[in-house]
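Summary of the model geometry
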Amino acid sequence: MEEKSKFADFIIEKRKEAGLTQEELASRLFVSNTAVSKWERGISYPDITLISSICRELNITEHEFITASNDTIRKTEQKQAKFFRGIVKAYDLIFLISYGIAILTCFIVNLAVSHELSWFFVVLTGIGIAFSITNLPFILKRTGLIKNYKINLLVCYAVMTLFIYLVLICAYKFTYYGGWKLGDGCLIATVSVIVPFLMLVVALFLKENKFIKLGYISLLGAILQGFINPVINYIDEGKNTNFFELFSLTNWNANQIGNKISLYVFLITGVILLIIGYKKKINDKM
């Protein structure tokens, strides 16, 4: 009897919170007013086939219906999820508005000063890079165009890479003063994006423990550190460069000491992480 009374009080409370009368609830559930009255007086329980409909009309969960009590944990989680979604939407909107203002401002200023569009395209493609990082992942997820988050990240990286090359093309075409060649810029960009792409692939798709993943990522960081500056020096100075010079333990040129220290930090860290990772993998199999 106590359980029926508890259930009756709960139904009355939730019906009133939903702003429904007994007659309105009965009409929505296609039952008689008498049936609803019996539930609320603790005389009988609703038919099991009505549970889903009652939960929908009273905005409660089936767990709350069965226990005749508020599921405070779930409601807290729902509020937190709603708050987080609000933050994401605000974040997305703020960036979009900022990008729109920047694009419009640069469009007007470029036309007013130069009477033609030139460096505006550099700004536009540069914003494209930022957009592919800050907004595109959320747009793809929200629209459901790409449901796999791993593929989502790879697509965003590919779009970002495309905009990097577009920036170089626009900078060369509209702001070129003879200081660099488009092919050289594209070469540097290619070296700069390939290694981070491999890092991303390792992080997303390598089926190993986190130590092994971080180890390979660190080694890739050493490779990037070791090769990017020689490539730039080769292009900038137009001379043959030893790409393995930074890996030498004997040659500690003052101009390269910072890069060399960074390289060896990545290299040593990567080796240590791989040793820990593979040792853990062996222990887990035993």
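Look a little higher up for the structure.
A brief look at the structure comes next. No experiment lies behind these values; they were computed from the predicted model shown.

This part covers the packing of helix α2 (residues 22–29) against helix α3 (residues 33–40). Close contact between α2 and α3 brings their axes to 8 Å; oriented N to C, the two are set at 115°. The way α2 lies across α3 gives a crossing that is right-handed. In this structure, α2 contributes Q22, E23, L25, A26 and L29 to the contact, and α3 contributes N33, V36, S37, W39 and E40. A per-class count over the contact of α2 with α3 returns five nonpolar, three polar and two charged.

With that settled, the discussion passes to the packing of helix α7 (residues 120–134) against helix α8 (residues 136–143). Taken N-terminus to C-terminus, the directions of α7 and α8 make an angle of 50°; their axes are 4 Å apart at the nearest point. Taken together, the axis directions place α7 and α8 in an arrangement best described as oblique. Counting all contacts with α7, which are made through F131, S132, I133 and T134, the residues of α8 involved are L136, P137, F138 and I139. Residue composition of the contact of α7 with α8, by class: six nonpolar, two polar and no charged.

On to the side chain of E57, then. As for its placement among the helices and strands, E57 is situated in helix α4 (residues 51–58). On the basis of relative accessible area, E57 is assigned to the buried category, the value being 17%. Filtering out sequence-adjacent residues up to four positions away, E57 remains in contact with A18, L20, L25, R28 and L29.

The rules behind the values
- Here the residue numbering is sequential within each chain, running from 1 through the sequence in written order.
- Whole-chain, interface and lining totals are the exception, using all residues; otherwise, since this is a predicted model, local features are given only for residues with pLDDT of at least 70 and side-chain atom pairs are given and counted only at 80 or more.
- Just so you know, side-chain values use all the structure's heavy atoms and leave hydrogens and water out.
- Working convention: axes come from line fits to C-alpha atoms, limited for helices to the stretch in contact. Angles between N-to-C directions cover 0 to 180 degrees.
- Only DSSP runs of H or I reaching four residues or more are called helices, and only runs of E reaching two or more are called strands; each is numbered from the N terminus.
- Each crossing is labelled by how the near helix is turned from the far one, with a counterclockwise turn of less than a right angle marking it left-handed and a clockwise turn marking it right-handed.
- In this description, contact between two residues means that some pair of their heavy atoms is separated by no more than 4.5 Å.
- Note on residue classes: Ala, Val, Leu, Ile, Met, Phe, Trp, Tyr, Cys and Pro are nonpolar, Asp, Glu, Lys and Arg are charged, and everything else, Gly too, is polar.
- Oblique is the label for every angle not falling under 35 degrees (roughly parallel), over 145 degrees (roughly antiparallel), or within 65 to 115 degrees (roughly perpendicular).
- In this scheme, a residue with accessible area under 20% of its type's maximum is buried, one over 50% is exposed, and one in between is partly exposed, where area comes from a 1.4 Å probe on protein chains only.

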